[in-house]
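Reading the structure
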Amino acid sequence: MPWILTMIAAKKRPDKVETFAAAGERLFAKNCMSCHGQNREGAGNAPTLIGIEKSTPAAKLIRYCKRAAG
């Protein structure tokens, strides 16, 4: 059975410009805020994230965030 394909012009989406800070805020709100709180103070089983960069190496934080998001 032959198929007929028609090419149509796709609407070009405007490039979304987002700073790293804005992306971090958006991702935190989506993936972390419900447990760690709006101000990163933690609650229940979710520890505070305030000052975590002083006690945990960046590479370990990155690995954990990737694992938690996946």
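Refer to the structure printed above.
Presented here is an overview of the structure given in this document. Everything numeric here is computed off the predicted structure, so don't read it as measured data. (Residues numbered from 1 in each chain as written. Predicted model: local features only at pLDDT ≥ 70, side-chain atom pairs only at ≥ 80, totals over all residues. Heavy atoms only, no water.)

Let us now look at the overall build of the protein chain. A tally of regular secondary structure across the protein chain gives 4 helices and 0 strands. The order of helices and strands in the protein chain, counted from the N terminus, is α-α-α-α. Relative to a compact globule of 70 residues, whose C-alpha radius of gyration would be 11 Å, the protein chain shows 20 Å and is clearly more extended. Summarising its shape, the C-alpha atoms of the protein chain cover approximately 60 × 30 × 25 Å along the three principal directions. Relative to its 70 residues, the protein chain shows a buried fraction of 11%. Carbon and sulfur atoms make up 61% of the accessible area of the protein chain, which totals about 7,000 Å². (Helix = DSSP H or I, 4+ residues; strand = E, 2+ residues; numbered from the N terminus. Rg over C-alpha atoms; globule rule 2.2 N^0.38 Å. Buried < 20%, exposed > 50% of the residue type's maximum accessible area, 1.4 Å probe, protein only. Areas by Shrake-Rupley, 256 points an atom, 1.4 Å probe, with all protein chains shown as cover.)

By the secondary structure assignment, Ser34 is in helix α2 (residues 33–36). For the pair Ser34 and Met7, spaced 27 residues apart in sequence, the C-alpha separation works out to 44 Å.

Turning next to the side chain of His36. Topologically, His36 is positioned in helix α2. Of note is the side chain of His36, whose polar atom sits 2.8 Å from the backbone oxygen of Pro47. Contacts of His36, omitting those with residues within four sequence positions, involve Phe28, Glu41, Gly42, Ala46, Pro47 and Leu49. (Polar contact = N/O pair within 3.5 Å; in protein donor to acceptor, adjacent residues only side chain to side chain. Contact = heavy atoms within 4.5 Å.)

Not every positive phi belongs to a glycine, and Arg40 is a case in point at roughly 65°. Turning to its location among the elements, Arg40 is positioned in the loop between α2 and α3 (52–55). The class of Arg40 is partly exposed, set by a relative accessible area of 37%.

Turning our attention to the pattern of salt bridges. A full pass over the atoms with the stated rule returns 1 salt bridge. Glu18 is the partner of Arg26 in a salt bridge, and the nearest nitrogen-oxygen pair spans 2.9 Å. Exposure remark for Glu18: the relative accessible area of 31% places this residue in the partly exposed category. (Salt bridge = Lys/Arg side-chain N within 4 Å of Asp/Glu carboxyl O.)

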